[in-house]
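Each chain, written out:
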Amino acid sequence: MEHGFFRAACASPAVTVADCAANAEAIAALAREAAANGAQLVVFPELCITAYTCGDLFLQQTLLDGARDALATVMRETADLNALIAVGLPFAHDDALYNCAALLFRGSAVALIPKSYIPTYGEFYERRHFAPAQPGEIQTVYVDAANPRVPFGTDILIADRANPLFVLGTELCEDAWVPLSPSARAALAGATVIANLSASNEIIGKADYRRMLVAGQSAKLAAAYLYADCGSGESSTDLVFAAHNLLAENGTILAESALFSHGITYADFDLERLAQERRRMTTFADCRRNEARDFTTVTIDSTGADRAADKSPALLRAIAPRPFVPESTTDRAERCRAVIALQAQGLAKRLRHLGCRCAVIGLSGGLDSTLALLVTARAFALCGLPPSHVRAVTMPCFGTTDRTLRNARELAAQTGATLMEIPIAAAVRQHFRDIGQDEDVHDVTYENAQARERTQVLMDIANKEGGIVIGTGDLSELALGWATYNGDHISMYGVNASVPKTLVRHLVAWLADEADGTNPALAAVLRGILDTPVSPELLPPDGADIAQKTEELVGPYELHDFFLYYALRFGFSPAKIFFLAEQAFIVQPAARGEAAAYRKADIRKWLVSFYRRFFAQQFKRSCLPDGAKVGTVSLSPRGDWRMPSDASARLWLAQAEALEC
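Quick caveat, the model's predicted, so the values are computed rather than measured.

(A) Structural context of the sheet that holds strand β11 (residues 224-229). On the basis of which strands lie adjacent, the open sheet formed by seven strands has the order β13-β12-β11-β10-β9-β8-β15 and mixed pairing. Each end of this open sheet is capped by a strand with a single partner; those strands are β13 (252-256) and β15 (296-300). Neighbouring strand axes in the sheet, compared pairwise and without regard to direction, differ in orientation by 25 degrees on average. One ladder, built from four bridges, connects β11 with strand β12 (residues 246-249); its direction is antiparallel. If you follow Y227 over to β12, its bridge partner there is L246. The sheet strands contacting helix α4 (residues 206-221) are β9 (163-172), β10 (193-198), β11, β12 and β13, and the helix crosses β12 at an angle near 30 degrees. Helix-sheet contacts for helix α5 (residues 271-280) involve β9, β10, β11 and β12, and the interaxial angle to β9 is about 85 degrees.

Written out as structure tokens, the structure is:
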């Protein structure tokens, strides 16, 4: 697949206990179905060729011979598939019986990996039949005449010459539950994908624990993790199995099967994302140097695959169009609560440290300054300070509309802040005369002179009152450089500095919902602000309407926040970000029967604009004021983003401009 995506599947066949031939047919049928749907890796459950619940029949030579014959059938029936297949079977070697995963590719056995940890507690008594694998030198074993020397051992990785990002490590069931799992050692040796062939019985509460275990293992290893579980057809003499298949990536369950179902569960894994995550997490490389042991790598080559998934434009994973904003209403409310608490606690710490009893905010009546005021009010409450010590300064000038001015006045009244209304038009006109600026020329000087005058007023009031100026600019504006240098770009503490614009809107909406029960008037003014177009209001209004609408100039913040997230959080290329945006805004809506939010040409246009602005405006971010980090993406020059102010955007722009629409 494109851009590092890799489709894989867990398959739970309906087995028949001890009927190896029937099981082989069921396995081969599911393998063919999965490969036809684009799966490049298909993982089956533990001991699926015989069924897990054979008991002492595992000590019968007839069953072991039947298992080898069935394995040969599976290889023969899947020889034309361009997918790596992992199946479980018992395998006798050196006077012992092992619970093994057989890795099959194009009709051949490429490795046999025995289970390392054999349980002997509770309802499990595998030690009665199986020996634990001994880590160490890889041996070769005879499987059949066509596979006379198959690598056998725990420390084996499978790599694909056609996909350098894919390296498979394998473990079986209990191996994942122990303190130091084989998958941990495999990941440190280079495995990016882990297959777990499992037979996990179902009891009350175990599914939740299993989810936690699989998600946690994938997070700890920064890996893709496939957990294939046995189910239908297993003996219910003592246990019940539910075929609970789980596919996780770096802490997130991408897909899972319903309990007590059987069949195939698919997911598209982003192996490039995992590689980027490991590079960012420098301690992962430290562990590799200190803890990794030698593994043997078996190489396959899937070159020339004709996979259905490559022909389908839709990924089997959701790409959120607003990655900073949870889609679930419950999760979004919890995110808003947490972000506002972080903002308020950061400011409260600064106020206490300075012994400061006053804060000054430029209140425009827009979203950002509204959020800053509400957060400041909470910080003052944490410090035991009255809200009247907050100076909310509104400074109407050439572009101010009655609507935003009313919003600012009402907001100050409802929060208890002290409103200071200071018209600045006369001061700006004097400044225009001083520098020879024609007031009728609405250029960047015309706009920025107003922004800098406002900042001067705020700073001087803060000096006069013994307070600090609270910055209102958000993360998205900083990314695009949509701030006046030495104007609204400067403050003494920026509470919104790591909050993206798409989240600002939801934070204010959440605060409005919260105010419904305690202060309906505040809730009403907040909803009025939410309905107001985003604008710096630096140009004269068109009648009573706002003339200068930010998103018509710099592009939709929804797109820019999407670009920002994937560019900074994962370091993805413009081409991959464009592909993801196409999935999020065009392909996935179409799959739901909805209209596309943007055309491909629109996405490319604003992607080019994003990179052009992002590189050109770094000098503004190199001298940002302090502000608490609240999410995974931040542009603080002291922490998350350190970039030369004169770096060239040529490579990024060339790739973005060459994208086909």
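(B) Looking closely at the nonpolar core. Core analysis: the biggest nonpolar cluster contains 95 residues, and L526, F562, F563, Y566, I603 and F614 have the highest contact counts within it. Residue contacts for Y566: discarding those within four places in its chain leaves I319, P323, G571, F572, I577 and L580.

(C) Quick peek at the sheet that holds strand β16 (residues 359-362). Reading across the sheet, the five strands line up as β18-β17-β16-β19-β20 and stay open at both edges, with parallel pairing between neighbours. Looking at strand neighbours, the two that pair on one side only are β18 (418-421) and β20 (493-494), the edges of this open sheet. Judged from the two bridges that link them, strand β19 (residues 468-471) and β20 form a sheet pairing that is parallel. By the bridge assignment, G471 is partnered in β20 with G494. In the packing of helix α9 (residues 367-382) onto the sheet, the strands contacted are β16, β17 (390-394) and β19, and the crossing angle to β16 comes to about 165 degrees. Strands in contact with helix α12 (residues 444-465) are β16, β17, β18 and β19; relative to β16, the strand with the most contacts, it is inclined by about 165 degrees.

(D) Highlighting the pairing of strand β8 (residues 156-160). Across the five residues that make up β8, a large majority, five, are buried. Residues of β8 alternate between two faces, with I156, I158 and D160 on one and L157 and A159 on the opposite face, all of them buried. In the sheet, β8 pairs with β15 via five bridges, with the strands oriented parallel. Each residue of the ladder has a partner; that of L157, found in β15, is T297. With three bridges connecting them, β8 and β9 associate as antiparallel partners. Across the sheet, the residue bridging to D160 is N163, located in β9. The loop that links β8 with its antiparallel partner β9 comprises two residues.

What counts, and where the lines are drawn
- Residues numbered from 1 in each chain as written.
- Predicted model: local features only at pLDDT ≥ 70, side-chain atom pairs only at ≥ 80, totals over all residues.
- Heavy atoms only, no water.
- Pairing = 2+ DSSP bridges.
- Helix = DSSP H or I, 4+ residues; strand = E, 2+ residues; numbered from the N terminus.
- Axes fitted to C-alpha atoms, helices over the stretch in contact; angles between N-to-C directions.
- Contact = heavy atoms within 4.5 Å.
- Core = buried A, V, L, I, M, F, W, Y, C linked by side-chain atoms within 4.5 Å.
- Buried < 20%, exposed > 50% of the residue type's maximum accessible area, 1.4 Å probe, protein only.

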